[in-house]
Amino acid sequence: MNPVVIVPTFITSPRRRSEAKGIVANYDHTTDINQPGELERCLESLTGVEGIGVVLVLVVADHNIEAEANAKVRATVARFPELDAIVVGQLELDLVRQRMQQLGIDGVTTQIGLRGYGAVRNMGLVLACTLGFDAAVFIDDDEIIDDPAFLRKAMYGLGKLTKKGIPILAKTGYYLNDQGSFLSKWEDKWYNRFWQQGRAFNEWIRAAMQGPRISRSNHVCGGCLAVHKEAFKRLSFDPWIPRGEDLDYLLSLRMYGSDIWFDNQWQVRHLPPPGKSEGNRFRQDIFRWMYEHDKLEYSHSIIDLQKITPASLRPYPGPFLEKGLRRRIWLTALLRSLGRPDKKAYRAAARVATGEATKYAHENCTKYFEFQYVWPDIMDALDSDKILTSAIVRSSLHGEDAAPIMADAHAAQVDARAAGHTRSRAGAELGADEGTGTGAGGGAPRGARGTQEARRVEREVPDVGPLSKAHPIDPGKTTALHLDMGDQ
């Protein structure tokens, strides 16, 4: 397999308050534009990964600092010439949108972009498909990859079948924290009486770590996630969920008849910097779980989807999707406002649970399913698109204004295809008159000549350099995989 590694990096301006950025653009961990951040540490660790190919670095920045953030990231990436890294910022996003318009794809600026966790991941998937990769591996910029076999482990089993013949099209590993543990640090305190998220997660992962190497997962680490092309061409991330888009992707895959698998030999070290206040993070969790609850409830009304119940998701995350969720969230926020340091923020979170979060869930929980109708068509249209590939590389690696070049290439492509269509009709008419499919001069059919002209236009798009350096990784023999999978 030929995977691309995707690393989103979130850069913010100290002058903008997080509340002003909206619900979906309020991130857990951001890098101040004036601070070095963790990206350099992450990229340095990637240089030791065997078989590393192309690395896409997605620059997610506040609108008022997009150019500055892009320059900052480019300077960081330039310190690692041994990496085939492509920096994707607003200019490259504009190229993607321009190409989609050329192909007749409109109305998806919210769903695919550089704002919001789900849209950013969709941007990564679009680029993976466009550039011709058959797998996407997501990591986060606040992680360190210690294992040289990281990519080989990421690809192990991907695209293979379980003993029961179920294809493995997406898989996740796990995080090691700063103490070298895979367990959650949340304690079983009195103020968490109605929200035992840490305990539920630990119960699940302890069992998963003791099981076979590959098992069906109830959890997803978005910074240790591999998705096969057969999955990401069919299913997008949800751009409307405020956070937890990785776990949401698992639930969406199950709804549409697939799944995510857990590999207990694949891990990263997750070393995030001190983030936003606990209370503000829990506020985002309120929006997340309320939205997820309503989304699952709505999915039950769509007859073509698999029905996902909270009971099927025990011990985690099922209890956080059951009835009575809003009351439990409200009580937890209230109790934490008494027992945790961030009292003011938790009180504000309690108020959100009774109004704003409920409204947001009701207004947005159906939109993902509407988007899913068009996502496969978008991916088919952009799959291995040479014109957009060349434009992205010209813009990112060579600093060229690729928009006019892409417009010219598209116009030439359209003209060539139109000519081919016209000649095909003429050849058909002539063939009908003369009893042959060739023109008066013999040789190739006229329609074939038009097709050849269209192919000539595509051949003239320059080679994209580092993308041609394939690093194929064997996902493992099916028989070996079966031996490691127990009864799954």
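Refer to the structure presented above.
Attention in this report is confined to the structure presented alongside it.

Rules used in this analysis
Residues numbered from 1 in each chain as written. Predicted model: local features only at pLDDT ≥ 70, side-chain atom pairs only at ≥ 80, totals over all residues. Heavy atoms only, no water. Axes fitted to C-alpha atoms, helices over the stretch in contact; angles between N-to-C directions. Helix = DSSP H or I, 4+ residues; strand = E, 2+ residues; numbered from the N terminus. Parallel < 35°, antiparallel > 145°, perpendicular 65-115°, else oblique. Left-handed = near helix turned anticlockwise from the far one by under 90°. Contact = heavy atoms within 4.5 Å. Nonpolar A, V, L, I, M, F, W, Y, C, P; charged D, E, K, R; others polar. Phe/Tyr/Trp six-rings, centres within 6.5 Å; stacked < 30°, edge-to-face > 60°. Buried < 20%, exposed > 50% of the residue type's maximum accessible area, 1.4 Å probe, protein only. Core = buried A, V, L, I, M, F, W, Y, C linked by side-chain atoms within 4.5 Å. Salt bridge = Lys/Arg side-chain N within 4 Å of Asp/Glu carboxyl O.

1. Some details on the packing of helix H4 (residues 117–130) against helix H14 (residues 375–382)
Logical step 1: Axis separation between H4 and H14 bottoms out at 8 Å; the angle between their running directions is 40°. The pairing of H4 with H14 is recorded here as oblique in orientation. H4 and H14 meet at a crossing whose hand is right-handed. Residues Asn122, Leu125, Val126, Cys129 and Thr130 of H4 pack against Trp375, Met379 and Leu382 of H14.
Logical step 2: Tallied by class, residues from the contact of H4 with H14 come to six nonpolar, two polar and no charged.

2. Quick look at the environment of Met1
Logical step 1: Topologically, Met1 is positioned in the segment before strand E1 (3–12).
Logical step 2: C-alpha separation for the pair Met1 and Asp474, spaced 473 residues apart in sequence, amounts to 6.1 Å.

3. Notes on the packing of aromatic side chains
Logical step 1: Tallied over the entire structure, the rule returns 23 aromatic pairs.
Logical step 2: Both rings, one in Tyr174 and one in Phe262, keep their centres 6.2 Å apart while their planes meet at 40°; by these two values the pair is tilted. Placement of Tyr174 in strand E7 (residues 170–176) and of Phe262 in strand E10 (residues 261–270) is noted, with a sequence separation of 88 residues between them.
Logical step 3: On the accessibility criterion, Tyr174 (9% relative accessible area) is buried.
Logical step 4: Centroid distance Phe201 to Tyr316: 5.9 Å. Interplanar angle 80°. Geometry classified as edge-to-face. Taken together, the positions of Phe201 in helix H6 (residues 197–210) and Tyr316 in the loop between helix H9 (278–299) and helix H10 (325–339) put the pair 115 residues apart, joining distant regions of the chain. Exposure class is identical for Phe201 and Tyr316. Each is buried.
Logical step 5: Put simply, the rings of Tyr174, Phe182, Trp195, Phe201, Trp204, Phe262, Phe282, Trp289, Tyr316, Phe320 and Tyr346 touch in pairs and so form one group of aromatic residues.

4. Structural notes on the nonpolar core
Across soluble globular proteins, you tend to see nonpolar side chains buried next to one another.
Logical step 1: Counting 101 residues, the largest nonpolar core has Leu56, Ile112, Phe232, Ile286, Trp289 and Ile329 as the members making the most contacts within it.
Logical step 2: A total of eight residues in this core trace back to one element, the largest contributor, which is H4.
Logical step 3: Ignoring sequence-local partners within four residues, the contact set of Phe232 consists of Leu125, Ala128, Cys129, Phe133, Asp134, Ala135, Ala136, Val227, Tyr249, Trp375 and Met379.
Logical step 4: Counting residues in each nonpolar core, the second largest holds 38 residues, with Ile33, Val55, Ile139 and Ala154 among its members.

5. Some words on the pattern of salt bridges
Logical step 1: Applying the stated rule across the entire model yields 24 salt bridges.
Logical step 2: Among the ionic pairs, Arg121 bridges to Glu245, the shortest N-O distance being 2.5 Å. A residue pair is termed long-range when its members are at least 10 positions apart, and Arg121 in helix H4 and Glu245 in helix H8 (residues 245–255) qualify at 124 residues. Each member of the pair, Arg121 together with Glu245, is buried.
Logical step 3: In this structure, Arg394 engages Glu400 in a salt bridge whose closest nitrogen and oxygen atoms are separated by 2.9 Å.
Logical step 4: Taken together, the shared-partner salt bridges connect Asp28, Arg243, Arg281, Asp285 and Arg288 into one network.

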